[in-house]
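An overview of the molecular structure
Here is what each chain is made of, one letter per residue.
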Amino acid sequence: MCGIVGYVGPKSTLDVLIGGLRRLEYRGYDSAGVSVISPDGHLETRKKAGKLVNLVAEIEEHPLPTAHIGIGHTRWATHGAPTDGNAHPHLGGQRQKLSLIHNGIIENFAELKAELVAEGTTFSSETDSEVAAHLIAREFEKSGDLAKAFASVVVRLHGAFTILVIHEDQPDMVLAARRNAPLVIGLGDGENFLGSDVAAFVEHTKRAISVGQDEIVILRAGSVEVRSFDGKTVQPEEFTVDWDASAASKGGWSSFMAKEIADQPQAVADTLMGRLNSDGSVRLTETDGLSHEDIKNLERIIIVACGTASYAGDIAKYGIEKWSRIPVQVELSHEFRYRDPIITKNTLIVAISQSGETMDTLMAIRYAKELGAKVLAICNTQGATLARESDAVIYTHAGPEVAVASTKALTAQITAGYLLGLWLASIRGAVPAAELKRVGIDLLKMPGRVSQVIAGLEQAQRLGTSMADAKSVLFLGRNVGFPVAMEGALKLKELAYIHAEGFAAGELKHGPIALIEEGQPVIVIVPSPRDEDSLHPKVISNIQEIRARGAKIIAIAEEGDEQVSNYAENVIFVPRCETLLAPILTVIPLQAFALALSTAKGLDVDQPRNLAKSVTVE
Ligand code: M6R
């Protein structure tokens, strides 16, 4: 949470900073601010509560000088309300020559603040971040060496932080430190960049370095120095960003979410690319950290993830268990590590995260690694902390996802989960290879089917628009349809702020059916009727039970399932596929439904209230 950007070089710093913040605004939008040092050596700061547009208006009213060094911040509030005063940057020192921005939480800020207050320092915000600004300024006043002062303070901070600092008296450098929060460097020609992720600078350079845990960066226009917190020089590895700025732009779309829903055929195709042969066999190349021996010895898989990513895990579980016959449990990352889970060296942890920076998930894998487990990440962000800290990574190639509500990252995660299941199964040999290949061949057809679903979203959109006044929507599913139902409900909660819940359809009669009253909208994910053991008749019975009590049914069903039309007011059909693969298709109308309903209510679909894209605090 919080987006940070830093720049030093010949370009207009303000343009670089505002451009970067615009791309990072998905990380938090409670306030925004920038500091620059003018060519005549003066630090100037502008900050404003609310979205970035407020800061831009403030700068128009009170222009900033042309500058060639600066830092910028977009905030998701933790300590202190989203006010102008609590907005970053925070200034440090008696003459306020130092400017600091921070992403994360400084857990020991109260004791550090007490130390400063006892010395007579006055604070102008309620944030935890301001202590760091005053401490670094104080140490700099003593030593006259900014890098030294910075290094001496960051080691005193507990918790999670990426901190960027500039100072009037050393106007050629941006200092940065990273512990438990993301930081990447962008390498330019005579200019260099810092950002919470590569989106901050991808329009200027694709050469990047992911900064490691407990490292400090000294960034100048012509040089980049990385040191560990204990002062040792680090030789960082450079990588090339594999997408360009247009991928993170709205293009002609009304919202990022609308664009990202439409991106899904490509996201699924790119995630499959090079990993699935035309005969349906799987080849994963980024899994060197896991030997065939490790896989054969596996006794259990635990999938850890949060939010939408955890529903991808719930869906993948069905395929992984069925094909590989390895028991799988799915756990919310933040619950997992606090319940003394049973982990052995034959447990594989699969961590799913779009950002790769979700703190709950990072803490879960660190804990599991301490106990000897191997970790495989399913991650969408190159160089993310999760990928760096895992034994193996399957990257989802969904491209940058900017809207807070996850869409294309989810369908790419589900796809990667299926690939993982088929790959494990091919090594374990518990299921005949021909059966696995049959599924693999069907998986290859999914991008085309996703395109068909996208082309036919008008009905889901119309229904969403017509239900703008709904107070509550329930979602039902069974088997792989159950996590799809929960995801449908999450989308509606986060985007439209209305009560929504996803249930396993069989659970209704054990309590939730009491919620059904005349006119209650219920969206039901109906399984294919074609399978031998199909749950179709059972779901039809569940529909009848709630219809009899007044529910209005919207069914998501497979093409050709004519029977369902007799039991639902509306049916949205999706193409036929292997039953276990259906969530990639059935979830998409639910995304479009939530988007349309939220839009009809006049809400901001890309930046829903109280949320941030990447949750980097526990
Ligand atoms: O970056 P991650 O995939 O780890 O994020 C996990 C969740 O915070 C995320 O999926 C969240 O639930 C989405 N906003 C839901 O749309």
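Worth saying up front: this structure is predicted, and the values here are computed from it rather than measured.

So, the pairing of strand 21 (residues 499-504)
The sheet contact formed by strand 20 (residues 472-477) and strand 21 spans 6 bridges and is parallel. If you follow valine 473 over to strand 21, its bridge partner there is alanine 500. Since strand 20 and strand 21 lie parallel, the crossover through helix 17 (residues 481-496) that links them has a hand, and here it is right-handed.

Concerning the site of the ligand
With respect to spatial proximity, 13 residues lie near the ligand, and among them Ser353, Gln354, Ser355, Thr358 and Glu494 are the closest. Within the side chain of lysine 491, a nitrogen or oxygen atom sits 2.8 Å from an oxygen atom of the ligand. Glutamate 494 has a polar side-chain atom sitting 2.4 Å from an oxygen atom of the ligand. When the ligand sits alone it has 420 Å² of accessible area, and the protein chains cover 90% of it. Going through the elements one at a time, helix 9 (307-324) and helix 17 are the ones with two or more residues in the shell around the ligand. Among the elements that take part in the shell around the ligand, helix 9 stands out by supplying 3 residues, more than any other. Partitioned by chemical class, the residues of the shell around the ligand number 4 nonpolar, 7 polar and 2 charged.

What about the nonpolar core?
Counting 118 residues, the largest nonpolar core has Ile301 and Leu492 as the members making the most contacts within it. Top element by residues in this core is helix 13 (residues 408-428). It accounts for 11 residues. Sequence-distant contacts of isoleucine 301, that is, excluding residues within four places in its chain, are made with Ile320, Ile326, Pro327, Val328, Gln329, Leu348, Val350 and Leu424.

Some remarks on unusual backbone geometry
Between histidine 88 and proline 89 the backbone carries a cis peptide bond, its omega angle lying at 0°. With respect to the helices, strands and loops of the structure, proline 89 is situated in the loop between strand 4 (69-75) and strand 5 (90-92). Backbone geometry at aspartate 214 places phi at a positive 55°, although glycine is not the residue there. Judged by relative accessible area, aspartate 214 falls into the partly exposed class, the value being 24%. At arginine 325, a residue that is not glycine, the phi angle is positive and equals roughly 60°. Looking at where arginine 325 falls in the secondary structure, it is placed in the loop between helix 9 and strand 16 (328-332).

Quick word on the packing of aromatic side chains
Going through the model one piece at a time under the given rule, you end up with 5 aromatic pairs. Measuring from ring centre to ring centre gives 5.9 Å for phenylalanine 193 and phenylalanine 201, while their planes differ by 40°; the resulting arrangement is tilted. Each member of the pair, phenylalanine 193 together with phenylalanine 201, is buried. What links up through ring pairs into an aromatic cluster is the set Tyr7, Phe193 and Phe201. Over the ring of phenylalanine 123 we find lysine 113; its NZ or CZ atom is 4.7 Å from the centre of that ring. Over the ring of tyrosine 497 we find arginine 609, and its NZ or CZ is 3.9 Å from the ring centre.

Let's talk about the environment of alanine 49
Inspection of the secondary structure assignment puts alanine 49 in strand 3 (residues 43-49). Residues in contact with alanine 49, not counting those within four places in the same chain, are Asp30, Ser31, Asn54, Pro82, Thr83 and Asp84.

What about the packing of helix 9 against helix 13?
The relative placement of two packed helices is expressed as an angle between their axes plus a distance between the axes. Across the interface, helix 9 lies against helix 13 with an axial gap of 8 Å and an inter-helix angle of 25°. In terms of axis orientation, helix 9 runs roughly parallel to helix 13. Crossing of helix 9 over helix 13 shows right-handed handedness. The segment helix 9 lies against helix 13, with Thr308, Ala309, Ala312, Ile315, Ala316, Ile320, Trp323 and Ser324 engaging Leu410, Gln413, Ile414, Gly417, Tyr418, Leu420, Gly421, Leu422, Leu424, Ala425 and Arg428.

Examining the sheet that holds strand 10 (residues 192-195)
Spatially, 3-2-4-1-10-9-11-14 is the arrangement adopted by the 8 strands of the open sheet, whose pairing is antiparallel. Edge strands, defined here as strands with exactly one partner in the open sheet, are strand 3 and strand 14 (238-240). Taken over all neighbouring pairs, the strand axes of this sheet differ in orientation by 20° on average, direction set aside. Looking at chain direction, strand 2 (residues 31-37) and strand 3 are connected through 7 bridges and run antiparallel. Counted as the bridge partner of serine 35 is threonine 45 from strand 3.

A look at the pattern of salt bridges
This structure, assessed with the given rule, holds 34 salt bridges. Residue arginine 220 is joined to aspartate 172 by a salt bridge in which the shortest nitrogen-to-oxygen separation is 3.0 Å. With arginine 220 in the loop between strand 12 (215-219) and strand 13 (224-228) and aspartate 172 in the loop between strand 7 (159-167) and strand 8 (174-179), this pair connects stretches of sequence that are 48 residues apart. Across the pair arginine 438 and glutamate 578 runs a salt bridge, and its minimum N-O distance is 2.3 Å.

The rules behind the values
- Residues numbered from 1 in each chain as written.
- Predicted model: local features only at pLDDT ≥ 70, side-chain atom pairs only at ≥ 80, totals over all residues.
- Heavy atoms only, no water.
- Pairing = 2+ DSSP bridges.
- Helix = DSSP H or I, 4+ residues; strand = E, 2+ residues; numbered from the N terminus.
- Right-handed = clockwise from strand over helix to strand, strands pointing away.
- Near = heavy atom within 4 Å.
- Polar contact = N/O pair within 3.5 Å; in protein donor to acceptor, adjacent residues only side chain to side chain.
- Areas by Shrake-Rupley, 256 points an atom, 1.4 Å probe, with all protein chains shown as cover.
- Nonpolar A, V, L, I, M, F, W, Y, C, P; charged D, E, K, R; others polar.
- Core = buried A, V, L, I, M, F, W, Y, C linked by side-chain atoms within 4.5 Å.
- Buried < 20%, exposed > 50% of the residue type's maximum accessible area, 1.4 Å probe, protein only.
- Contact = heavy atoms within 4.5 Å.
- Phe/Tyr/Trp six-rings, centres within 6.5 Å; stacked < 30°, edge-to-face > 60°.
- Lys NZ or Arg CZ within 6 Å of the ring centre and 35° of its normal.
- Axes fitted to C-alpha atoms, helices over the stretch in contact; angles between N-to-C directions.
- Parallel < 35°, antiparallel > 145°, perpendicular 65-115°, else oblique.
- Left-handed = near helix turned anticlockwise from the far one by under 90°.
- Salt bridge = Lys/Arg side-chain N within 4 Å of Asp/Glu carboxyl O.

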